[in-house]
Amino acid sequence: MLAVIKNILYSLHKHREYSDLFKTSSTVLLSNIIIVKQRENSNDSNRRLPFQESTVPERYLGLNFTKTGLNSKYNTLIQEMKNNLIKWKSQAITMKAKMTILKTYVLSKLTYHQYMDNLNEEQIEEINNMTRWFLFSSVKNTYTEERKYKTMMKIDRAYADWKEGGIKLWDLELRHIAFKIWYMNRLFHNNYNNNNNTLQEWYMEQLSRKKPTLQPSTICADTGINELPDCIRNDNDEPLKLKEIYELMIKDRHPTPRRTEWQKLWAVRYNTAIPKVFININSISHQKGRNTLFRFFSRSLPGINHERDTRCKICGHLLRDPYSHLFTLCQDILDIEKTIISTVNKISFIKIHRWSMDTLDISKYNRTERIFPNLIGIIAHQLWKIICHKLFNTDESKPEPKFEQKVIETELLNLIETEKFITLKKIKHDEAILKNTNQDLHKYKFNKAWQTPAAPNPLPI
Ligand SMILES: [Zn+2]
């Protein structure tokens, strides 16, 4: 079975054939009806059509058709998507929020049409360009169509999962091929369960002839196919899901996300465990903290990437790598190192002796421990606010953010309260719906994960 999946899924060339064929055969089916009507009409030129021949696209099941076939709506949709992204631009702060908006409110507009219609190369590039603008440019940056926007992440890394240091961006080309494969696969599935369906036999014939014909006729006669093939199934013996098809294809095209040169260097110099650090970053619940740490390790923080082998704009020292310098080695950070260390050691059971790349690399901690990684995220985010103010602020009336133990503590306490609320809700839900009264275990687990020296039992048992 695996060989079959490989055969079908792993040859993109074939995919394209399938999808093109599918598009043609579906639209031919519809235009066929129109042509038959026209033929009827041409036999008797004096006879008028019982209906007015349409000159504008007609809507059928949400898709537009003319007498020649499917009339693509993509250009209109892309315009709508652009307007939406412009509206959403200022609303999204973290990478995760941006990705959610992009997929839920913008790219989802394409979904229905992707079952039948194909995006062309220019359309894909147009969508990718506005995506890059939305994800990586600053909030103040207004969208200009002529401009080519840059990504701050190599595109193969961007397609990868969050746990691998990617942002799960969609490869639109693969995705719309995946839609067609899914559709064809579903068709085989129905076929298998219902051998007498004429329409499906007709589809099979289209597939085997490579060129669509108009007359449905008996299958197998001149095709050499003796029985209808079954669909491709997953491990649960169900027809492959769209998600599974897409994931197989993306893994095939980009097997493991490449590390950046600096990620490789960090691994040697600081023993940074990439990609394991991304797995732990992914479970940080403080949103801004998670975002800053993620962008730190994926090296996609705005505004500092190009600062290499130059003097630091804050302390004047030579720097090779803006990331490790600005966050751990800059004189301004060294000046507050003691405060950072005492803040961590006061709030967390895990103690640190230095503030360094080693401290930022949260990969070595057990993932049931929630305080420490969240705390490191909160601190990294506070440092980033300070760095940004020093590097980019032009508004003198804006107060300079400071590193204060109290600020960090408050952020963490608020986070614990939120988590507490979620856990109590879950306990209530379990009791009401599942009649499960194991609340002590929930509370015990919560306390173990979220305990601090000041509050060893944040949830009283
Ligand atoms: Zn510096």
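Residues numbered from 1 in each chain as written. Predicted model: local features only at pLDDT ≥ 70, side-chain atom pairs only at ≥ 80, totals over all residues.

### Structural notes on the overall build of the protein
The condition that has to hold: Helix and strand labels come from DSSP, where a helix needs a run of H or I of at least four residues and a strand needs a run of E of at least two; each type is numbered from the N terminus. Burial is judged by counting the other C-beta atoms within 10 Å of a residue's own C-beta: 20 or more makes it buried, 12 or fewer makes it exposed, and any count in between marks it as partly exposed, with every C-beta position built from the backbone. Once C-beta atoms are placed from the backbone, any two residues with those atoms within 7 Å are in contact.
Each helix and strand in the protein was counted, giving 19 helices and 5 strands. When burial is assessed residue by residue, the protein has 30% of its 461 residues classed as buried. In the protein, the share of contacts with a sequence separation of at least 24, taken over all contacts with a separation of at least 6, comes to 64%.

### Examining the sheet that holds strand β1 (residues 58-60)
Operational definition: If DSSP finds at least two bridges between two strands, the strands pair. Lines fitted to C-alpha atoms define the axes, with helix axes restricted to the stretch in contact, and inter-axis angles between N-to-C directions lie between 0 and 180 degrees.
Read across the sheet, 3 strands follow the order β1-β2-β3 without closing on themselves; strand pairing throughout is antiparallel. A strand with exactly one partner marks an edge of an open sheet, and here the two such strands are β1 and β3 (69-71). Strand-to-strand twist of the sheet, defined as the mean angle between neighbouring strand axes without regard to direction, takes the value 50 degrees. Examined bridge by bridge, strand β2 (residues 63-66) and β3 share 3 bridges and lie antiparallel to one another. Within β3, the residue paired with phenylalanine 65 across the bridge is leucine 70.

### Quick look at the packing of helix α17 (residues 371-392) against helix α18 (residues 405-433)
Where we set the bar: Any angle from 65 to 115 degrees is called roughly perpendicular, while one under 35 is roughly parallel, one over 145 is roughly antiparallel, and all others are oblique. By the definition used in this description, the sense in which the near helix is turned from the far one sets the handedness, with an anticlockwise turn below a right angle giving left-handed and a clockwise turn giving right-handed. Each residue gets one of three labels, nonpolar for Ala, Val, Leu, Ile, Met, Phe, Trp, Tyr, Cys and Pro, charged for Asp, Glu, Lys and Arg, and polar for the others, Gly among them.
Relative to each other, α17 and α18 sit at 135 degrees, their axes nearing to 10 Å. In terms of orientation, α17 and α18 fall into the oblique class. Considering how the two elements wind past one another, α17 and α18 form a crossing that is right-handed. Across the interface between the two elements, Asn374, Leu375, Ile378, Ile379 and Gln382 of α17 pack against Val407, Ile408, Glu411, Leu412 and Leu415 of α18. Looking at the contact of α17 with α18, its residues break down into 7 nonpolar, 2 polar and 1 charged.

### Let's talk about the pairing of β2
With 3 bridges connecting them, β1 and β2 associate as antiparallel partners. By the bridge assignment for β2, glutamate 58 is matched with phenylalanine 65. What sits between β2 and β3 in their antiparallel hairpin is a turn of 2 residues.

### A closer look at the environment of lysine 251
Examined against the element boundaries, lysine 251 turns out to sit in helix α10 (residues 242-253). Residue classification places lysine 251 among the exposed positions, given that 12 C-beta atoms sit within 10 Å. For lysine 251 and alanine 160, which are 91 residues apart along the polypeptide, the C-alpha to C-alpha distance reads 8.7 Å.

### Focus on the confidence of the model for the protein
This is how the line gets drawn: Per residue, pLDDT captures the predictor's confidence, and it can take any value from 0 to 100.
Per-residue pLDDT for the protein has a mean of 82; in total, 80% of the residues score no lower than 70. With pLDDT under 50 throughout, residues 1-6 is counted as low confidence; its partners more than four residues away or in other chains account for 2 contacts. For residues 9-46, every residue scores under 50 in pLDDT, and the model assigns this stretch 38 contacts once sequence neighbours within four places are set aside.

### A word on the packing of helix α13 (residues 287-297) against α17
To describe two helices that pack against each other, one gives the angle between their axes and the distance between the axes. Viewed as axis vectors pointing N to C, α13 and α17 meet at an angle of 75 degrees, and their least axial separation amounts to 7 Å. Classified by the angle between their axes, α13 and α17 sit roughly perpendicular to one another. Where α13 abuts α17, its residues Lys288, Gly289, Arg290, Thr292, Leu293 and Phe296 lie against Asn374, Gly377, Ile378, Ala380, His381 and Trp384. Here the contact of α13 with α17 is built from residues that sort into 5 nonpolar, 5 polar and 2 charged.

### Quick word on the environment of leucine 301
Mapped onto the elements, leucine 301 comes out in the loop between α13 and β4 (310-311). According to the C-beta neighbour criterion, leucine 301 is buried, with 20 such atoms within 10 Å. Residues leucine 301 and tryptophan 384 lie 83 residues apart in sequence; the distance between their C-alpha atoms is 9.4 Å. Every residue in contact with leucine 301, bar those within four places of it in the chain, is listed here: Arg295 and Phe296.

### Topic: α10
Note the cut-off: Working rule for helices: expected span equals 1.5 Å times residues minus one.
A rise of 1.5 Å per residue sets the reference length of α10, with its 12 residues, at 16 Å; its end C-alpha atoms lie 17 Å apart and thus fit the reference within 8%. For α10, the full list of buried residues reads Ile245, Tyr246, Leu248, Met249 and Ile250.

### Some remarks on unusual backbone geometry
Note that the residue after isoleucine 274, namely proline 275, is joined by a cis bond; omega there is 10 degrees. Note on placement: proline 275 falls in the loop between α11 (261-269) and α12 (276-282). The phi dihedral of aspartate 237 falls on the positive side, at around 65 degrees, and the residue is not glycine. Of note, aspartate 237 is situated in the loop between α9 (198-209) and α10. In this structure aspartate 237 comes out as exposed when scored by C-beta crowding, with 7 C-beta atoms within 10 Å.

### Notes on the environment of asparagine 305
You can see asparagine 305 is positioned in the loop between α13 and β4. Asparagine 305 gets classed as partly exposed once you count the C-beta atoms within 10 Å, which come to 14. Separated by 18 residues in sequence, asparagine 305 and tyrosine 323 place their C-alpha atoms 8.1 Å apart. If near-sequence neighbours (up to four positions away) are discounted, asparagine 305 is found in contact with Met152 and Arg299.

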